[in-house]
Amino acid sequence: MSGDKKTSILLVEDEENLHEALKLNLELEGYEVTSAFDGAAALKAISNEYFDLIMIDVMLPEMDGFELCRRIR
């Protein structure tokens with residue numbers, strides 16, 4: 001990637017310990033990580049910002065990861 005812009009990742013994971021571990025490791029690798037803990041928060045983040053990659057847990061509260069993918073597409 002050119003310049004100083006970091007690759008941006010939206011991390012959608014509701015289990016707090018796993019979320020924090022993934023986020024920390026991604027940030028240590030140089031990625032810019034935005035957090036969402038459910039599908040609604042992920043959709044809101046996507047409407048406000050561009051992400052190079054979205055990592056989605058399948059088992060989320062309210063809206064599962066598959067439904068979230070359908071809505072994003």
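Residues numbered from 1 in each chain as written. Predicted model: local features only at pLDDT ≥ 70, side-chain atom pairs only at ≥ 80, totals over all residues. Heavy atoms only, no water.

(A) Structural detail: the overall build of the protein. When its secondary structure is counted, the protein shows three helices and three strands. Secondary structure of the protein in N-to-C order comes out as β-α-β-α-β-α. For 73 residues, the compact-globule formula gives about 11 Å, and the C-alpha radius of gyration of the protein, at 12 Å, lands near that figure. Across its three principal directions, the C-alpha atoms of the protein cover 40 × 25 × 15 Å. Relative to its 73 residues, the protein shows a buried fraction of 25%. Counting only contacts in the protein whose residues sit at least 6 apart along the sequence, the fraction spanning at least 24 positions is 58%. Seen as two clouds, the 7 positive and the 16 negative side-chain charges of the protein have centres 8 Å apart. (Helix = DSSP H or I, 4+ residues; strand = E, 2+ residues; numbered from the N terminus. Rg over C-alpha atoms; globule rule 2.2 N^0.38 Å. Buried < 20%, exposed > 50% of the residue type's maximum accessible area, 1.4 Å probe, protein only. Contact = heavy atoms within 4.5 Å. Lys, Arg positive; Asp, Glu negative; His and termini not counted. Charge placed at Lys NZ, Arg CZ, Asp CG, Glu CD.)

(B) Geometry of a nonpolar patch on the surface. Together, V58, M59 and F66 make up a nonpolar patch on the protein surface, roughly 340 Å² of accessible area in all. Looking at the secondary structure, you find F66 in helix α3 (residues 65–72). (Patch = residues over 30% accessible without salt bridge, like charges linked within 9 Å, V, L, I, M, F, W, Y side chains within 5 Å. Areas by Shrake-Rupley, 256 points an atom, 1.4 Å probe, with all protein chains shown as cover. Salt bridge = Lys/Arg side-chain N within 4 Å of Asp/Glu carboxyl O.)

(C) View of the pattern of salt bridges. Per the counting criterion, the structure on display carries two salt bridges. Among the ionic pairs, R70 bridges to E67, the shortest N-O distance being 3.2 Å. Within this pair, R70 and its partner E67 are both found in helix α3, separated by three residues, close to a single helical turn. The exposure class of R70 is exposed, given its relative accessible area of 54%. A relative accessible area of 25% places E67 in the partly exposed class.

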